[in-house]
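Here is how the chains run, residue by residue.
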Amino acid sequence: MGALLTLIRGAGPNEEEPVDIPVDFSGAQPTDDEREIYQYIIQVMQPAAGYLESLKGYVGCQDEIRKAISNPGKESEDAAWAAVCPAVLSLREYYEFAMQLEEAFPRLLAFLCTGDVLRNLEVRQATAKQFADVLHFVSLFDELKMGNPNVQNDFSYYRRTLSRMRMSNSQQNVVVPDELANRMSLFYAHATPMTKALVDATMKLVKENSNVPPGEVTTLLSTIAGICYNAVLKERARDAMVHYCLRVLVVSIILYDHVDPEGAFGKGSKVNIRASVRIIQTNGGSGSNNLLNALRYTTLHLNDETTPKTIKLMLAA
């Protein structure tokens, strides 16, 4: 992410002067204190790149499904089922990975939020980078999912067919049983299911773990947002790292907006929303609109009365 990244104790919409703390994030190696959780997160995230490639190449079964619906019969329906089952197995893998992330992410959050958050980010740079990597993955996954309607269409056809098979006592191969299919259906019903998984995991941690105060979580998230903002603004991030930083910035803001009762857009926010939106607009290129849409439609408090009109106008679709 560049030799020196800057941590920012986020300025709110009043654009207070940020506090800069230089941190070396290039090739950061885990300290003894980090090693256990660092190895755990490496293990959890190991298949992430493969899942992104798999989803990127997901073509779906629309042709087979269309034939089975328009010309129903054993041959067309068997062909559609044969096509959709491997696709649903992939969707099951993505879902199960999301559940692993939902379990692992609170551990990473708690590790970085216990004690002095800014000090943690100075001395636990390897795990801070892993935290950013998780947010980056989530942003990429959800963007791919939103851009591919075949994901939900294939799974909907699988569930409808499964229901018909159950009523007719058919013995076809079932790759996802009913109970799991119900949970997967709820997962994929969300426009941004991976982000939703992180939001749920974060909110559960804040509510159930008294050792991780919400204020420490919002400090972490606003600081990570500041890292990414300054990396782009001061040209410490280049080429692909620019979009990496912008994605992490956006997911940090989304999580912040869910954790803080007043949200990320109000006057008391630790995140400089105006500056964040401007940096996305200026440096996001063709991906700017997708990133801004994530802020528009995945946050909770944008349309609150307490959100300044200037910010609402900046994010108006």
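As shown above, the structure is provided for reference.
Residues numbered from 1 in each chain as written. Predicted model: local features only at pLDDT ≥ 70, side-chain atom pairs only at ≥ 80, totals over all residues. Heavy atoms only, no water.

Caption draft 1: Looking closely at the overall build of the chain. Across its full length, the chain holds 14 helices and 2 strands. Taking 2.2 N^0.38 as the reference for a compact globule, 317 residues should give roughly 20 Å; the C-alpha atoms of the chain span a radius of gyration of 21 Å, in line with that estimate. Along the longest, intermediate and shortest principal axes, the C-alpha atoms of the chain span 70 × 45 × 40 Å. Within the chain, residue pairs in contact and separated by at least 24 positions form 74% of the contacts whose partners lie at least 6 positions apart. (Helix = DSSP H or I, 4+ residues; strand = E, 2+ residues; numbered from the N terminus. Rg over C-alpha atoms; globule rule 2.2 N^0.38 Å. Contact = heavy atoms within 4.5 Å.)

Caption draft 2: A look at the side chain of Thr307. With respect to the element layout, Thr307 can be found in the loop between α13 (288–298) and α14 (309–314). A relative accessible area of 3% means that Thr307 is categorised as buried. Only 2.8 Å separates the side chain of Thr307 from the backbone oxygen of His301, close enough to count as a polar contact. (Buried < 20%, exposed > 50% of the residue type's maximum accessible area, 1.4 Å probe, protein only. Polar contact = N/O pair within 3.5 Å; in protein donor to acceptor, adjacent residues only side chain to side chain.)

Caption draft 3: Geometry of the packing of helix α2 (residues 48–56) against helix α4 (residues 74–113). The geometry of α2 relative to α4 is characterised by a closest axis approach of 11 Å and an angle of 145° between their N-to-C directions. Viewed along their axes, α2 and α4 form a crossing whose handedness is left-handed. Of the residues in α4, those touching α2 at Ala48, Tyr51, Ser54 and Leu55 are Ser90, Glu93, Tyr94 and Phe97. Residue composition of the contact of α2 with α4, grouped by class: 5 nonpolar, 2 polar and 1 charged. (Axes fitted to C-alpha atoms, helices over the stretch in contact; angles between N-to-C directions. Left-handed = near helix turned anticlockwise from the far one by under 90°. Nonpolar A, V, L, I, M, F, W, Y, C, P; charged D, E, K, R; others polar.)

Caption draft 4: Representation of the packing of helix α7 (residues 150–167) against helix α8 (residues 178–189) in the model. Between α7 and α8, whose axes approach to 11 Å, the crossing angle comes to 155°. With respect to each other, α7 and α8 are oriented roughly antiparallel. Handedness of the α7/α8 crossing: left-handed. Across from Val151, Gln152, Phe155, Arg159, Leu162 and Arg166 in α7, the residues of α8 making contact are Asp178, Ala181, Asn182, Met184, Ser185, Tyr188 and Ala189. Counted by class, the contact of α7 with α8 contains 7 nonpolar, 3 polar and 3 charged residues. (Parallel < 35°, antiparallel > 145°, perpendicular 65-115°, else oblique.)

Caption draft 5: Highlighting the pattern of salt bridges. Across all of its chains, the model carries 12 salt bridges by this definition. Glu53 serves as the salt-bridge partner of Lys56, at 3.4 Å between the closest nitrogen and oxygen. With Lys56 and Glu53 both in helix α2, this residue pair falls 3 residues apart, about one helical turn. Exposure remark for Lys56: the relative accessible area of 53% places this residue in the exposed category. The salt bridge partner of Arg119 is Glu122, with a shortest N-O separation of 3.6 Å. A residue pair is termed a helical-turn pair when its members lie 3 or 4 positions apart in one helix, as Arg119 and Glu122 do in helix α5 (residues 117–123) at 3 residues. Among the residues examined, Glu122 registers a relative accessible area of 28% and is labelled partly exposed. (Salt bridge = Lys/Arg side-chain N within 4 Å of Asp/Glu carboxyl O.)

Caption draft 6: Region of interest: the packing of aromatic side chains. Overall, the coordinates contain 11 aromatic pairs when judged by the stated rule. A ring pair is formed by Tyr51 and Tyr94, whose centres lie 5.8 Å apart and whose planes are at 75°; its orientation type is edge-to-face. Here Tyr94 lies in helix α4 and Tyr51 lies in helix α2, a separation of 43 residues in the sequence. As far as the burial class goes, Tyr51 and Tyr94 line up, both buried. Among the aromatic side chains, those forming a connected cluster through ring pairs are Trp81, Tyr95, Phe155, Tyr158, Phe187 and Tyr188. Here the guanidinium or amino end of Arg107 rests over the ring plane of Tyr40, the centre of that ring lying 3.9 Å away. The positively charged end of Arg124 is found above the aromatic ring belonging to Phe111, 4.0 Å away from the centroid. (Phe/Tyr/Trp six-rings, centres within 6.5 Å; stacked < 30°, edge-to-face > 60°. Lys NZ or Arg CZ within 6 Å of the ring centre and 35° of its normal.)

Caption draft 7: Geometry of α4. The terminal C-alpha atoms of α4, which comprises 40 residues, lie 57 Å apart, in line with the 58 Å expected from a rise of 1.5 Å per residue. Maximum bend of α4: about 25°, positioned at Ala104, with proline Pro106 one to four residues after it. Once α4 finishes, Gly115 follows within two positions and takes phi at roughly 90°, a positive value. (Expected span 1.5 Å × (residues − 1). Bend = angle between axes of the 7 residues up to and from the residue.)

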